[in-house]
Amino acid sequence: MSGGNAGPEAEIRVVRLAADSPAAALTVIRLLALLPPEWPCSTRVSADRITLLVGAGPDAARAAVAGALRDRALRGWYLPDTHGW
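Predicted, not measured: the structure shown is a model, and the values here were computed from it.

Caption draft 1: Main features of the environment of Arg75. Inspection of the secondary structure puts Arg75 in the loop between α2 (58–68) and β4 (77–78). Distance from Arg75 to Ala18, taken between C-alpha atoms, is 8.5 Å for residues 57 residues apart in sequence. If near-sequence neighbours (up to four positions away) are discounted, Arg75 is found in contact with Asp20, Ser21 and Pro22.

Now the structure itself:
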(Lines give C-alpha, C1' and ligand atoms only; values in the text may rest on other atoms or scores of the structure.)
Protein backbone atom coordinates (compact mmCIF):
# COMPACT_ATOMS: atom_id res chain seq x y z
CA MET A 1 0.00 0.00 0.00
CA SER A 2 1.23 3.44 -0.75
CA GLY A 3 2.28 6.14 1.68
CA GLY A 4 3.03 3.68 4.46
CA ASN A 5 -0.67 3.34 5.14
CA ALA A 6 -1.42 -0.14 6.41
CA GLY A 7 -5.16 0.25 5.77
CA PRO A 8 -7.11 -0.22 2.56
CA GLU A 9 -7.14 2.53 -0.01
CA ALA A 10 -10.49 1.72 -1.61
CA GLU A 11 -13.81 0.42 -0.32
CA ILE A 12 -15.85 -1.13 -3.12
CA ARG A 13 -19.38 -2.45 -2.68
CA VAL A 14 -21.12 -4.89 -4.97
CA VAL A 15 -24.74 -5.93 -4.64
CA ARG A 16 -26.82 -8.86 -5.76
CA LEU A 17 -29.73 -7.80 -7.94
CA ALA A 18 -31.12 -11.16 -9.01
CA ALA A 19 -32.48 -13.75 -6.59
CA ASP A 20 -31.02 -16.55 -8.70
CA SER A 21 -27.50 -15.07 -8.63
CA PRO A 22 -24.73 -17.07 -6.98
CA ALA A 23 -24.52 -16.87 -3.18
CA ALA A 24 -22.38 -14.11 -1.70
CA ALA A 25 -19.97 -16.52 0.00
CA LEU A 26 -19.11 -18.18 -3.30
CA THR A 27 -19.15 -14.91 -5.24
CA VAL A 28 -16.60 -13.23 -2.98
CA ILE A 29 -14.14 -16.10 -3.51
CA ARG A 30 -14.53 -15.90 -7.28
CA LEU A 31 -14.29 -12.13 -7.23
CA LEU A 32 -11.09 -12.10 -5.18
CA ALA A 33 -9.55 -14.69 -7.52
CA LEU A 34 -10.10 -12.31 -10.45
CA LEU A 35 -8.39 -9.31 -8.81
CA PRO A 36 -4.63 -8.69 -9.06
CA PRO A 37 -2.94 -11.08 -6.62
CA GLU A 38 -0.61 -8.39 -5.26
CA TRP A 39 -3.51 -6.31 -3.91
CA PRO A 40 -4.20 -6.86 -0.23
CA CYS A 41 -7.94 -7.34 0.26
CA SER A 42 -10.35 -7.92 3.08
CA THR A 43 -14.08 -8.44 2.83
CA ARG A 44 -17.40 -8.06 4.58
CA VAL A 45 -20.12 -10.31 3.22
CA SER A 46 -23.87 -10.39 3.74
CA ALA A 47 -26.54 -12.20 1.75
CA ASP A 48 -26.93 -9.50 -0.91
CA ARG A 49 -23.86 -7.28 -0.49
CA ILE A 50 -20.10 -7.68 -0.61
CA THR A 51 -17.77 -4.94 0.58
CA LEU A 52 -14.16 -5.20 -0.54
CA LEU A 53 -11.43 -3.24 1.22
CA VAL A 54 -8.74 -3.17 -1.45
CA GLY A 55 -5.10 -2.11 -1.24
CA ALA A 56 -5.24 -0.14 -4.49
CA GLY A 57 -6.37 3.29 -5.55
CA PRO A 58 -10.13 3.77 -5.87
CA ASP A 59 -10.13 4.15 -9.67
CA ALA A 60 -7.95 1.09 -10.24
CA ALA A 61 -9.94 -0.95 -7.72
CA ARG A 62 -13.30 -0.02 -9.26
CA ALA A 63 -12.03 -0.77 -12.76
CA ALA A 64 -10.70 -4.18 -11.70
CA VAL A 65 -13.91 -5.09 -9.87
CA ALA A 66 -16.03 -3.93 -12.82
CA GLY A 67 -13.93 -6.11 -15.11
CA ALA A 68 -14.22 -9.09 -12.79
CA LEU A 69 -18.00 -8.71 -12.62
CA ARG A 70 -18.16 -9.32 -16.37
CA ASP A 71 -17.29 -12.96 -15.66
CA ARG A 72 -20.36 -15.13 -16.26
CA ALA A 73 -19.86 -16.87 -12.91
CA LEU A 74 -20.64 -13.53 -11.21
CA ARG A 75 -23.87 -12.82 -13.09
CA GLY A 76 -26.41 -10.84 -11.13
CA TRP A 77 -23.80 -8.97 -9.03
CA TYR A 78 -23.20 -5.27 -9.80
CA LEU A 79 -21.41 -2.13 -8.73
CA PRO A 80 -24.34 0.03 -7.55
CA ASP A 81 -23.31 3.34 -9.10
CA THR A 82 -22.95 1.78 -12.53
CA HIS A 83 -26.74 1.49 -12.54
CA GLY A 84 -27.55 5.07 -11.53
CA TRP A 85 -28.04 4.37 -7.79
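Having seen the structure, we can now continue with the description.
Caption draft 2: Local environment of the pattern of salt bridges. Applying the stated criterion to the full structure yields 3 salt bridges. Here Arg13 makes a salt bridge to Glu11, at a shortest N to O gap of 2.4 Å. The class for Glu11 is partly exposed, based on a relative accessible area of 36%. The residue Arg16 makes a salt bridge to Asp48 at a minimum N-O spacing of 3.1 Å. Highlighted residues: Arg16 in strand β1 (residues 10–16) and Asp48 in the loop between β2 (41–45) and β3 (49–54), separated in sequence by 32 residues. Asp48 gets classed as partly exposed once you look at its relative accessible area, which sits at 40%. It is possible to trace a salt-bridge network through shared partners that takes in Glu11, Arg13 and Arg44.

Caption draft 3: Summary view of the sheet that holds β1. Taken in spatial order, the 4 strands of this open sheet run β2-β3-β1-β4, and their pairing is antiparallel. Strands with a single pairing partner mark the edges of an open sheet, and in this sheet they are β2 and β4. Examined bridge by bridge, β1 and β3 share 6 bridges and lie antiparallel to one another. By the bridge assignment for β3, Ile12 is matched with Leu52. With respect to the sheet, α2 is in contact with β1 and β3, its orientation differing from that of β1 by roughly 25 degrees.

Caption draft 4: View of the nonpolar core. Of all hydrophobic cores here, the largest spans 20 residues; its most connected members are Ile12, Val14, Leu31, Ile50, Leu52, Val65 and Leu69. Within the residue set of this core, elements represented by two or more residues are β1, α1 (24–34), β3 and α2. The element that contributes the greatest number of residues to this core is α2, accounting for 4 residues. Not counting residues up to four positions away in its chain, the partners in contact with Val14 are Leu31, Asp48, Arg49, Ile50, Val65, Leu69, Trp77, Tyr78, Leu79 and Pro80.

Caption draft 5: Spotlight on the side chain of Thr51. One can find Thr51 in strand β3. The class of Thr51 is buried, set by a relative accessible area of 6%. For Thr51, the residues in contact, after removing those within four places along its chain, are Glu11, Ile12, Arg13, Ser42, Thr43 and Arg44.

The rules behind these values
- Residues numbered from 1 in each chain as written.
- Predicted model: local features only at pLDDT ≥ 70, side-chain atom pairs only at ≥ 80, totals over all residues.
- Heavy atoms only, no water.
- Helix = DSSP H or I, 4+ residues; strand = E, 2+ residues; numbered from the N terminus.
- Contact = heavy atoms within 4.5 Å.
- Salt bridge = Lys/Arg side-chain N within 4 Å of Asp/Glu carboxyl O.
- Buried < 20%, exposed > 50% of the residue type's maximum accessible area, 1.4 Å probe, protein only.
- Pairing = 2+ DSSP bridges.
- Axes fitted to C-alpha atoms, helices over the stretch in contact; angles between N-to-C directions.
- Core = buried A, V, L, I, M, F, W, Y, C linked by side-chain atoms within 4.5 Å.

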